[in-house]
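Results of the structural survey
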Amino acid sequence: MTLTDIANHPSSGPHSAEMRPAPNRRMLLRAAGLAALAGLAACATALPTGEGAGASSSAAGTLADLRTSAGLGPLVPDPQLEKAALQQAGYMARGGRMTHTTGWGKDFGSRVRDNGIAGAAAENIAEGRFDLQKLFDIWMHSDGHRRNMLDPRFTRFGLAYVRDDRDGSLRYWSLVLGK
């Protein structure tokens with residue numbers, strides 16, 4: 001497998017990853033087994049919860065409007081991508097900083113693989129005291145973030161945020177897009 005990470009914006013860092021797995025039966029069976037084990041392991045891992053889990057359903061209309069205005073079809077909320085977004089938002093909130101890495105040697109590409117996400121994927125992150133509408137307004141005015149959200153390859157998305165424990169008005173957001 002090859003993996004290419006591309007940073008589009010130095011301060012806010014939309015990130016893209018393209019995975020090109022060699023399609024064969026053995027690899028698919030191995031991936032299915034690993035995905036099942038990862039699912040079981042995730043049950044034992046405490047994920048952040050709260051109002052930011054489930055933000056995808058609130059964002060579906062906003063993303064559909066943005067994409068329709070660009071002549072693209074809407075994105076469908078996806079629980080797998082939302083889980084990846086929630087993991088990253090939780091990591092950023094715990095660390096008190098916006099980053100695409102987790103500090104455990106996990107960059108966006110490795111998190112994509114660990115969550116069983118295949119094909120093209122991208123991530124937008126943000127930190128701030130703003131609501132969903134302001135979040136998408138900020139991202140639409142950033143070339144790299146806009147490019148990710150309007151990428152015609154993407155059909156699914158997951159959005160989540162986690163509040164900073166030290167400042168409940170500060171949210172760490174993550175949007176993960178995929179095929």
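Refer to the preceding data block for the structure.
Chains are numbered independently. Their residues run from 1 in the order of the written sequence. Where totals are concerned, whole chains, interfaces and linings use all residues; where local detail is concerned, this predicted model gives features only for residues with pLDDT of at least 70, and gives and counts side-chain atom pairs only at 80 or more. Hydrogens and waters are ignored; side-chain quantities use all the structure's heavy atoms.

A run of H or I in DSSP counts as a helix once it spans at least four residues, and a run of E counts as a strand once it spans at least two, with each numbered from the N terminus. You can see Ser-56 is positioned in helix α2 (residues 55–69). Each polar contact in these results corresponds to two N or O atoms within 3.5 Å; when the atoms are within protein, one needs to be able to donate a hydrogen and the other to accept it, and residues that are neighboring in sequence are counted only if both atoms are side-chain atoms. A distance of 2.8 Å separates a polar side-chain atom of Ser-56 from the backbone nitrogen of Leu-159. The criterion used for residue contact is that any of the two residues' heavy atoms lie within 4.5 Å. Apart from the residues within four sequence positions on either side, Ser-56 is in contact with Pro-77, Glu-82, Phe-157, Gly-158 and Leu-159.

This part covers helix α3 (residues 79–95). Here a helix's expected span is defined as the number of its residues, less one, multiplied by 1.5 Å. Taking 1.5 Å of rise per residue, 17 residues should cover 24 Å, and α3 covers 24 Å from first to last C-alpha, within 8% of that figure. Listed in full, the buried residues belonging to α3 are Leu-81, Glu-82, Ala-84, Ala-85, Leu-86, Gln-88, Ala-89, Gly-90, Tyr-91, Met-92 and Ala-93. The residue sitting at the N-terminus of α3 and contributing the capping side-chain oxygen is Asp-78; that oxygen lies 2.9 Å from the backbone nitrogen of Gln-80. After α3 finishes, the residue Gly-96 shows a positive phi value of roughly 70°. For every residue, the accessible area (1.4 Å probe, protein chains only) is compared with the maximum for its type, and the residue is labelled buried under 20%, exposed over 50%, or partly exposed between those bounds.

All right, on to the pairing of strand β6 (residues 167–178) then. Counting buried positions over the twelve residues of β6 gives nine, a clear majority of the element. At least two DSSP bridges between two strands are needed for those strands to be called paired. In this sheet, β6 lies alongside strand β4 (residues 121–128) in antiparallel orientation, the contact comprising eight bridges. When the bridges of β6 are listed, Glu-127 appears paired with Tyr-172. In the sheet, strand β5 (residues 156–164) pairs with β6 via nine bridges, with the strands oriented antiparallel. Within β6, the position partnered with Tyr-161 by the bridge is Trp-173. The loop that links β5 with its antiparallel partner β6 comprises two residues.

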